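As a plain string of letters, each chain reads:
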Amino acid sequence: MDALTLDQIRVFLSVVDEGSFPKAAKSLQRAQSAVTYAIRKLEAEIGVPLFDRSAYRSVLTPAGRALLTRARRIAEEAGAFREQARGLASGLEAELSIVLDALYPMPQIFDALRAFTEQFPTVPPRLYVASLGAAANLVTDGTCAIGLLPSNIAELAALKLTPTTTFHLRPVVSPSHPLASIQGIIEPHVLRQHVQLVLTDASTLTAAKDWGVLSSRTWRLADLGAKKSMLLAGLGWGNMPAHMVEDEIKDGRLTVIQPAGSDTVTALVLGAAYISEHSLGPAGQWMLKYLTSVASVAR
């Protein structure tokens, strides 16, 4: 089938879609004889008839029906190939890589991705999820064009940041934990007797940094989901994004506590972090503008 061409596939699909050879010829602005020749040439190449011409109107043979779906797929892929090539020639990125800090509210990125794929159908997004410095490092080393990061992490990594949203941390503990029975402020000497679960990562950027650590006894975890599971199991207390524990607080599986020196609700700003606007291609710049336009940062 070395002589099989995209034009033959196009003619085949036109005959199917238009319902007849004459209508296909009109649609393609060709002579009917040229359409007939293209189909016969295609049938000779593949070794099976595509149309039954014995009746007044040509109809697909069983082989034609079987090959129709694949023919459409070939035509669609060829069209996508052409569109992506045009985009790349104009400077459009081959893909847009974004890293989300594990704290970032995932639902907030969904609308952005839907709008992005409508605007740039040939640019697939590539998403990473990491924590703290590990997320920032994916931006600074060029793996990702944009990082959705807490502002304090972006500042450490010397990245530019456009604020996009605010999230809240809440100190929580299992109802079965001894701290859950203490009403009001929990004094430091009491906190030091209990394990605090702390989110950490393997990057050198945040190796010596601690935020919100009030206990001298800490268990460090690199996974936010594991931290939540351990809180539910009563293995310690810790700060969690409010959006991740809202249901558990409502149904009583987690209790909000009041450690001394810490608010029951701590607001932190997250934003789109990047090396510089010049490092972003057209798709990256569009995403940055979109996230800025829908920003919901508390002032």
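Going by the structure above, here's the rest.
Residues numbered from 1 in each chain as written. Predicted model: local features only at pLDDT ≥ 70, side-chain atom pairs only at ≥ 80, totals over all residues. Heavy atoms only, no water.

1. Comments concerning the overall build of the chain
Here's step 1: A tally of helices and strands in the chain yields eleven helices and 13 strands.
Here's step 2: Expected size for 299 residues packed as a compact globule is a radius of gyration near 19 Å; at 29 Å, the chain overshoots this value by more than 25%.
Here's step 3: Its C-alpha atoms put the chain at 95 × 45 × 35 Å along the principal axes.
Here's step 4: Taking all 299 residues of the chain together, the buried fraction comes to 41%.
Here's step 5: Long-range contacts, defined here as pairs at least 24 residues apart, represent 69% of the contacts in the chain between residues at least 6 apart.
Here's step 6: Surface exposure of the chain reaches about 15,800 Å², of which carbon and sulfur atoms provide 53%. (Helix = DSSP H or I, 4+ residues; strand = E, 2+ residues; numbered from the N terminus. Rg over C-alpha atoms; globule rule 2.2 N^0.38 Å. Buried < 20%, exposed > 50% of the residue type's maximum accessible area, 1.4 Å probe, protein only. Contact = heavy atoms within 4.5 Å. Areas by Shrake-Rupley, 256 points an atom, 1.4 Å probe, with all protein chains shown as cover.)

2. A closer look at the pattern of salt bridges
Here's step 1: The final tally for this structure, using the stated rule, is nine salt bridges.
Here's step 2: Two residues, E248 and R253, come together in a salt bridge whose shortest N-O distance is 3.7 Å.
Here's step 3: Accessibility expressed as a relative area gives 42% for R253, which makes it partly exposed.
Here's step 4: Among the charged side chains, a network of salt bridges with common partners joins K228, E248, D251 and R253. (Salt bridge = Lys/Arg side-chain N within 4 Å of Asp/Glu carboxyl O.)

3. Examining a nonpolar patch on the surface
Here's step 1: Residues M106, F110 and V129 make up a contiguous nonpolar surface patch of roughly 270 Å² in combined accessible area.
Here's step 2: Tracing the backbone shows M106 in the loop between β3 (96-101) and α5 (107-119). (Patch = residues over 30% accessible without salt bridge, like charges linked within 9 Å, V, L, I, M, F, W, Y side chains within 5 Å.)

4. A look at the pairing of strand β13 (residues 266-274)
Here's step 1: Bridge count between strand β5 (residues 146-150) and β13: four bridges; the pairing is antiparallel. Within the sheet, the bridge partner assigned to G147 lies in β13 and is A273.
Here's step 2: As paired elements, strand β6 (residues 160-173) and β13 share nine bridges and run antiparallel to each other. Bridge pairing links L169 to T266 in β13. (Pairing = 2+ DSSP bridges.)

5. Describing the environment of L205
Here's step 1: Along the chain, L205 turns up in the loop between β8 (196-199) and β9 (218-221).
Here's step 2: Distance in space between the C-alpha atoms of L205 and I109 is 25 Å, their sequence separation being 96 residues.
Here's step 3: Among residues more than four places away in sequence, those in contact with L205 are G133, A136, N137, I153, L156 and A157.

6. A short note on the packing of aromatic side chains
The description of two aromatic rings rests on the distance between their centres and on the angle between their planes.
Here's step 1: Counted under the stated rule, the structure contains six aromatic pairs.
Here's step 2: Each ring, one from F116 and one from W286, has its centre 6.0 Å from the other, and the planes form 55°; the classification is tilted. Linking F116 in helix α5 with W286 in helix α11 (residues 282-293), this pair joins segments that are 170 residues apart in sequence.
Here's step 3: Given a relative accessible area of 0%, F116 falls into the buried group.
Here's step 4: With 5.9 Å between their ring centres and 80° between their planes, F120 and W286 make a pair best called edge-to-face. Placement of the pair is F120 in the loop between α5 and β4 (125-130) and W286 in helix α11, with a sequence separation of 166 residues.
Here's step 5: For F120, a relative accessible area of 12% corresponds to the buried category.
Here's step 6: Counting every residue linked through ring pairs, the aromatic cluster contains F116, F120, W286 and Y290. (Phe/Tyr/Trp six-rings, centres within 6.5 Å; stacked < 30°, edge-to-face > 60°.)

7. Points about the side chain of H194
Here's step 1: Note on placement: H194 falls in the loop between α8 (188-191) and β8.
Here's step 2: Judged by its relative accessible area of 15%, H194 is buried.
Here's step 3: Sequence-distant contacts of H194, defined by excluding residues within four places in its chain, comprise H177, P178, L179, S215, R217 and W237.

8. Details of the pairing of β8
Regular strands have side chains that alternate between both faces of the sheet.
Here's step 1: Burial of β8 is two-sided: the residues Q196 and V198 facing one way and the residues L197 and L199 facing the other way are all buried.
Here's step 2: With four bridges connecting them, β8 and β9 associate as parallel partners. From the neighbouring strand, V198 faces β9, where its bridge partner is R220.

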